[in-house]
Amino acid sequence: MRSILPARRRALLAVAGLCLSAVFGAAHAADPVKAVASFSILGDIVREVGGNDVSLTTLVGPDGDAHEYEPTPGDAKKLSAAQVLFVNGLDFETWLPKLTKASGFAGKTVVASQGVTPRKFAGHGDADTHDDHGHDDDHGHGHDHGHDREDGHHHHGDADPHAWQNLANGVIYARNVAEGLAAADPAHADNYRQRANAYIAKLQALDANVKKTFAAIPAERRKVVTSHDAFGYFGDAYGVAFISAMGVSTDAEPSAGEVAAIIEQVKRERVPAVFVENITSPKLVQQIARETGAKVGGTLYSDALSKSGQPGATYLEMFEWNVRQLAAALQP
Ligand code: ZN
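Residues numbered from 1 in each chain as written. Predicted model: local features only at pLDDT ≥ 70, side-chain atom pairs only at ≥ 80, totals over all residues. Heavy atoms only, no water.

### Some words on the coordination of the zinc ion
Item 1. Every protein donor of the zinc ion is accounted for by His67 (NE2), His162 (NE2), His228 (NE2) and Asp303 (OD), and the metal-donor separations fall at 1.9 to 2.0 Å.
Item 2. Coordination geometry of the zinc ion: the 4 donor atoms subtend angles of 97 to 119° at the metal centre, consistent with an arrangement described as tetrahedral.
Item 3. With relative accessibility at 0%, the residue His67 sits in the buried group.
Item 4. Judged by its relative accessible area of 1%, Asp303 is buried. (Donors = N, O, S within 2.8 Å, 3.2 Å for Na, K, Ca; no water. Tetrahedral: all angles 85-135°; square planar, octahedral: opposite > 155°, others 65-115°. Buried < 20%, exposed > 50% of the residue type's maximum accessible area, 1.4 Å probe, protein only.)

Right, here's the structure in full:
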């Protein structure tokens, strides 16, 4: 086999790699790149693109809620040794800046969503049934109700962070990951790009299938309720209307009035199904199902993969699973 380079050639490449990657703190170009990913879905993309050239640690693991994560001292240690950090961006990982600072992380940060067209989130659930728009005018009154999410301790930006829920954005993530790894480890740049291309072909094939699947379901049936507003990009890309019970983040309970408004909407619009998520409590969604007669369609993977051995252990698997659950529930 000629796949192994002559020793001298390898040494030269190693030296070149070392010079180029010195800024990233590479100990030795032949060692796998030490990479950290902020959450499981992104971690899987890094694993696909990085292969054996990368030694990967993921901070928020399977079934974990990356909106509401409490970093551990162990996380700071992992980060301090890392050469590259992959983050979603779009204000998803609100806890991360503090952690990177505390860890003394000196590597390169790659924002996987760079280049995605950000989706503005509409506020809490459906824009037409909530009165929380234009609330900027109300500031200072001190007693408005229903604004607790925005006034909570987490400050989210205007953009919806859940961009991975459109496979076309997954393609952008994979490209950004490949270029980030190529910059950190130029000696293996070709490997990263080749793996990314093979992976992107799978993402694009699935994307085409998902579009076909939902196009075959009558538009008036393509409506579901989920716990939190994680599926806006999915809805835009594949033509499904998602009504969320909690808003875009997971850090606050909706008020009784907001829940009543959602129940009213589900009845009025004859929403066929409600779904629980792997990262949130099923209680609220189950209550909505009880009070409206909508069926509980199953569990969707929103912001995290499943544990291995369960149906959503990779980004591709979680997407296929979600589509299967949704399509089965929405079919007339
Ligand atoms: Zn989320």
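### Here's the deal with the confidence of the model for the protein chain
Item 1. On average, the protein chain scores 85 in pLDDT, and the residues at 70 or more come to 80%.
Item 2. Contacts from residues 1–5, a stretch scored under 50 in pLDDT, to residues over four places away or in other chains number 3 contacts.
Item 3. Confidence over residues 123–155 falls short of pLDDT 50; this stretch has 46 contacts with residues more than four positions distant or in other chains. (pLDDT = per-residue confidence, 0-100. Contact = heavy atoms within 4.5 Å.)

### Here we look at the sheet that holds strand β1 (residues 33–39)
Item 1. Pairing within the open sheet is parallel, and its 4 strands lie in the order β2-β1-β3-β4. Where the open sheet ends on each side, the last strands, each with one partner, are β2 (54–60) and β4 (108–111). Each adjacent strand pair in this sheet contributes to an overall mean axis angle of 25°, direction not counted.
Item 2. Bridge count for strand β3 (residues 84–87) against β4 is 4 bridges, and the pairing is parallel. Residue Leu85 lies in a different strand from β4, and its bridge partner there is Thr109.
Item 3. Here helix α6 (residues 167–184) sits on the sheet and contacts β1, β2, β3 and β4; the angle it forms with β4, its principal contact strand, is near 165°. (Pairing = 2+ DSSP bridges. Helix = DSSP H or I, 4+ residues; strand = E, 2+ residues; numbered from the N terminus. Axes fitted to C-alpha atoms, helices over the stretch in contact; angles between N-to-C directions.)

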